[in-house]
Amino acid sequence: MQQSSVHSYRFTWFDWFCLWYPPGWLILFNRHWQHYHSYPDGWNWLEYLLFLIPGGFYLALLLRWLRLGCRLPSSSATQFEPNYQNAFRDEILAPIVKYYFRAELHETENLPQTEPLIVAMNHAGMCFPWDFLVLAYLLSHKRGWVVQPLASVSLFEHPWVIWWLPPGWSQVLGGVRAELNEFEAAVTHKTVLLYPPEGVHGPGKGWSKRYQLETFHPSFIQLSDRYRIPILPVICLGSESLHPLAFNVKKLAKRVFLPFLPISPLMFVFLLFPSMGVWAMRTRLSYYVQPLYESWTDVASEKTMRADTSEGGTALRVHQEQLAAPPSITRSQAYRNAQHLREKLQTQLSQLLSHKPDTP
């Protein structure tokens, strides 16, 4: 981390204003980056001020593009910087988590003392992944862990993100691209990896299905089994309200190369203030830590096994062979275990929702 000052970043009155004025969140992120990194291609003060007025972002974008000689911003860093992650956590995330999302971590007795871990959490909201960033903050604050979230490739290289935030911002903060080789490389290190088992289908399911878990992808089960890394399931309540009343326009999303494209009443405000792309509605994020799950000890339900046997019994024979010599779980068994875990979390999620208080 290239520090531009020996002093840590401290909130000023302007930063507090940006925290409570939605178009200012992008200013907050970029100002913090520029405090610790030399980045001539970044936004300047005139452009920051334009963010704050309706339609001003478009003029700011034009001015910056002309200032850079009609080219894209250059990449300043692409490697994970734990020191900068700590600074961002303590100086930017801390006030957001405490005063804006009012996040709480429950059932912490289920937290293990050691890592590595794969933390699997339900994902909703159809917006910037605040549910995962807040959980990363809470886990690192509670245990001192190095936490890295898995993120859609679009958060690393989509043109909108490259203009919003410094190129490489996600990688420097520890983001792992949602690609198999990157995922596998991350789990081989002693780290805590945040993983959305629903994939982009989680936030993409929209408001109407916000409490329904989508099919879990089996890749995290396979890697958990291969490297004997336990899975820590976490249930998040409140993430669905980060972007309420939204539905996904799938066909249009594909045309603009996005994993999902939400449409909601808030999108009319977003058109006037595009810097709000990193903002989310104020809500109370509550996280419930579940007991550790070890895929290599999970025998899928007897009902599923009987169904497989009726189709020829091959899955049962494969499982019996694994019990005798477990070199690596098969994809079919990984899929069954993933859905078995999904069913258990769906049951627990429904129970938590039935007891959820109606708090603002």
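Here the structure is shown first, and the text comes after it.
Residues numbered from 1 in each chain as written. Predicted model: local features only at pLDDT ≥ 70, side-chain atom pairs only at ≥ 80, totals over all residues. Heavy atoms only, no water.

Asks: What am I meant to see in helix α6 (residues 130-143) here?
Replies: Since there are 3.6 residues in each turn of an α-helix, residues three or four apart along the chain are aligned in direction. Taking 1.5 Å per residue, 14 residues should reach 20 Å; α6 reaches 20 Å between its end C-alpha atoms and fits that length. Burial analysis of α6 places 11 of its 14 residues in the buried class, the great majority of the element. (Helix = DSSP H or I, 4+ residues; strand = E, 2+ residues; numbered from the N terminus. Expected span 1.5 Å × (residues − 1). Buried < 20%, exposed > 50% of the residue type's maximum accessible area, 1.4 Å probe, protein only.)

Asks: Looking at this model, I keep getting lost on the environment of P196. Mind explaining?
Replies: Among the structural elements, P196 can be located in the loop between β5 (192-195) and α11 (201-204). When its relative accessible area of 12% is taken as the criterion, P196 is described as buried. Between the alpha carbons of P196 and F220 there is a distance of 9.4 Å; along the sequence they are 24 residues apart. The contacts of P196, once residues within four sequence positions are left out, are M121, H123, F132 and L150. (Contact = heavy atoms within 4.5 Å.)

Asks: Can you help me understand the packing of aromatic side chains in this one?
Replies: Any pair of aromatic rings gets described here by the distance separating the centres and the angle formed by the planes. Per the stated rule, a full pass over the model turns up 34 aromatic pairs. Ring geometry for W20 against Y100: centres 5.7 Å apart, planes inclined by 50°, an arrangement best described as tilted. Of this pair, W20 sits in helix α1 (residues 13-20) while Y100 sits in helix α5 (residues 82-100); the two residues are 80 residues apart in sequence, bridging distant segments of the chain. Relative to Y195, the ring of F183 lies with its centre 5.0 Å away and its plane at 10°, an arrangement referred to as stacked. Separated by 12 residues along the polypeptide, F183 in helix α10 (residues 180-187) and Y195 in strand β5 bring together distant segments of the chain. Seen from the ring of W43, R64 lies directly overhead, with NZ or CZ sitting 4.4 Å from the centre. Positioned above the aromatic ring of W207 is the side chain of R210, whose terminal nitrogen or guanidinium carbon lies 3.9 Å from the ring centre. (Phe/Tyr/Trp six-rings, centres within 6.5 Å; stacked < 30°, edge-to-face > 60°. Lys NZ or Arg CZ within 6 Å of the ring centre and 35° of its normal.)

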